[in-house]
Amino acid sequence: MSFKNQLISSLKTIIITILLILANIAAVLFVDYISSDFTVGPLYNSLIIVIAVAIANSLLWPIFRRFLMKFIILTFGIGSLFINSVIFYIATYFIPGVHVGFYGFWQVPIVMAIATTFITNITNTNYFDSYIKNILRYAIKRKSSYNKQYSGVIMLEIDGLSFNTLKKAIDKGVMPTVKSWIENDTHTLKQWETDLSSQTGASQAGILHGNNRDIVAYRWVEKENDNNIMVSGKLSHAPKIEERISNGEGLLVNGISIANMFSGDSKISALTSSRLGGISRIYNKTLHTIFLDAYNFQRIFILFLWDILVEFKSQLVHDIKNIQPRLRRTPVYAAIRAGANVVLRESTTEILTSEILTGEIDTAYATFMGYDEVAHHSGVEDDDVWSVLKQIDLQFSRLTSAITMSDRDYKLVILSDHGQSNGATFKQRYGITLGNYVRRLLPDDLTVFRSEYNIDHFRDAVLPENKQLQNIKERVENIRDDLFDKSGPIQNIRNELNERKPSIIFENEQYLNLREKYSNSLEYIKGYESVQQSTQKAKDSELIVLGSGNMGLIYLTQWSQRLNYEEIVMLFPDLIPGLVNHSGVGFILVNSLSNGGMVIGQNGIYYLDGDRIVGENPLEDFGKNAPKHLKRQNSFKNMPDILVNSFYDRKHDEVCAFEELIGSHGGLGGNQSKPFILYPSEWENPGDLIGAESIYKFLKREIEKSDSG
Ligand SMILES: [Zn+2]
């Protein structure tokens, strides 16, 4: 650095320091003015307070941090705000004339932090740079004696961002870091294609473990397991799912997993669902990085509050402009959004930075989930998402500068696990949920319990068990007992079906009668007129309907096995035609005893075995690999009796979700199945990437090359 530059930089530091002191004085006086619980005393006390707090922080913070780290982390950082207040209290205790009451104890440190954040923002000071230097000191201290010479690989996932939306973001100029990599040809951008279940559970299982078999959707019912409803991201379920899919050779064997659903068999992990198994296990040494200095978590907390305000503003804008479709978003969502978008984002970058500087890990995979969360609620390409992507892009630039400072080289890969498709929800369009609609197609005497979710994934992971759902199991048991007490022809069939005797079905009189009615399936379905039956209040469950984006899963839970097409038609003749004829439904997938997987649309059937089409191809608009994906999924365990996929309107590029989310993913149709991967240009072109497991193979191969090279 030349003398002139050095002078400018020192001058800048001095000016910023003066501004920071003035802003903090203003903050102190402001609280004195508005709060009856804090008194400054003589005016010059405000300067003394600011200086005393700065000194106390630098002396006391390291001591508190050392002894109270577990407390800080297990209170999600709120403990650190408490310590900030304690230090403030100690610092001002001996200043004559100052009075700090209970509210003042909390108010002053927070308002001072707001003032500091405001000044660093308007002076364009990247606080992160100075924090890197702190982390660096910490990292070097615990650095192992040997140095790995080969490059490591850091994989950063932007949850839910499709290839096409990424390109729009680049064109809009909101992702300058990514743009420069592509322009300078250091990285190559490629689209890939998800499996049928276009959601994080299936995709991360495939990407991180190379195996996503039997992951039917984000949530599914396990009939054989007493109708247990498995939820991919749930802290108590993710470890069980990982146990099933992992063979110990995941992507992160000598690496770190941060903020993911599955661990990729990583050596270390932070904020990873499959490794938490309960909130109490959130404590983790890697999280220390976030609390190395007194101000860092305060800064994250202020950004968190700011994001809540941004969300409220967006709600107002959506209302005033009457943007359609739109969701009613709650204050609780605003806090969840800010948690996913800000707290996790900042924490992830800081943990990664520390690992990069230490240089011990060979691989890392981290999820930035802000885009997915905001797109679900505001819309896939709503104005809200661009600022979220801009902040994520900033993290990439921060991590790049950390790599520059590290002794070890790391390659960066940016990818997404799936995209999202836009559109008003099924309920918004038709005034009824899929669960309620299905209910209308079933006999009155069939007691039905519907359980639809209207929950975003992030909240799913942290909320306690839903008591209502837990009761389903019990209810189903009762219903079964009731049913088996009764006699009658339908009951006999049920018993026989449970024993899986196909010949009995076909010899049964009732079946033969029905068979006559629909000797030609397509004619039968097309000729059907929807009967809207009055239903009694659902008391008990014989039916569970789940939504995973625009994929609906219908489980008839009285039977321990998956019912086939013939059985469904015989038992509930209105159900399949009623579904297929609904204009919100694109196609359904059922398994036929005689014909294998049948994809049925309003005007045609696609027989997956043999790829035979009768009438119009129901998969016409869903991509050329749709039959392949459906065929694979049809062989999965725990498949619903009927899998439903909403329509895809190619002209307006819209789907309709069975959850209350206007940006959605989980099934087929549009950008949801078209994520991207941005990889170092020196890597070999992997060819077509179809299915999440192909991403695993590609990345694993390159990681192994790097290890041995
Ligand atoms: Zn999502």
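Higher on the page you've got the structure.
This structure is a prediction, so every number in the text was calculated from the model and none was measured.

Q: How would you explain helix 13 (residues 370–378) if you had to name every residue and give the values?
A: The buried count for helix 13 comes to 9 of 9 residues, which makes it a mostly enclosed element. Of all the residues in helix 13, the buried ones are Gly370, Tyr371, Asp372, Glu373, Val374, Ala375, His376, His377 and Ser378.

Q: Which residues make up the nonpolar core, and what values go with them?
A: One broad trend across soluble globular proteins is that nonpolar side chains are buried collectively. One finds Val413, Ile568, Ile588 and Val599 to be the most contacted residues of the largest nonpolar core, which totals 177 residues. Here the element with the most residues in this core is helix 12 (residues 331–358); it accounts for 11 residues. Once residues within four sequence positions are removed from consideration, isoleucine 568 is found in contact with Leu563, Leu575, Ile576, Val590, Asp641 and Ile642.

Q: Could you give an account of the pairing of strand 6 (residues 228–231), naming the residues involved and the relevant values?
A: Alignment of strand 5 (residues 219–222) against strand 6, held across 4 bridges, turns out to be antiparallel. By the bridge assignment, valine 221 is partnered in strand 6 with isoleucine 229.

Q: Let's hear about the sheet that holds strand 14 (residues 585–592): which residues, and what values?
A: Strands sit in the order 12-13-18-14-15-16-17 across an open sheet of 7 strands; the sheet is antiparallel. Either end of the sheet is taken by a strand with one partner, and the two such strands are strand 12 (543–548) and strand 17 (612–615). Neighbour-to-neighbour, the strand axes of the sheet open up by a mean angle of 20°, direction not taken into account. Sheet topology places strand 13 (residues 551–556) next to strand 18 (residues 642–646); 4 bridges connect them, and they run antiparallel. Paired with glycine 552 across the bridge in strand 18 is valine 644. Contacting strand 14, strand 15 (596–601) and strand 16 (604–607), helix 25 (residues 626–634) crosses the sheet at an angle of about 130° to strand 15.

Q: Please give an account of the pairing of strand 9 (residues 363–368) that cites residues and values.
A: Judged by how many residues are buried, strand 9 sits mostly within the fold: 6 of 6 residues are covered. Burial of strand 9 is two-sided: the residues Thr363, Tyr365 and Thr367 facing one way and the residues Ala364, Ala366 and Phe368 facing the other way are all buried. Note that strand 3 (residues 152–158) and strand 9 share 6 bridges and pair parallel. The residue bridging valine 153 from the neighbouring strand is threonine 363, located in strand 9. Both strand 7 (residues 255–258) and strand 9 contribute to a ladder of 4 bridges, which runs parallel. If you follow isoleucine 256 over to strand 9, its bridge partner there is alanine 364.

Thresholds applied
Residues numbered from 1 in each chain as written. Predicted model: local features only at pLDDT ≥ 70, side-chain atom pairs only at ≥ 80, totals over all residues. Buried ≥ 20, exposed ≤ 12 C-beta atoms within 10 Å, placed from the backbone. Helix = DSSP H or I, 4+ residues; strand = E, 2+ residues; numbered from the N terminus. Core = buried A, V, L, I, M, F, W, Y, C linked by C-beta atoms within 7 Å. Contact = placed C-beta atoms within 7 Å. Pairing = 2+ DSSP bridges. Axes fitted to C-alpha atoms, helices over the stretch in contact; angles between N-to-C directions.

So far we have only geometry, and geometry alone does not tell us how the molecule works.
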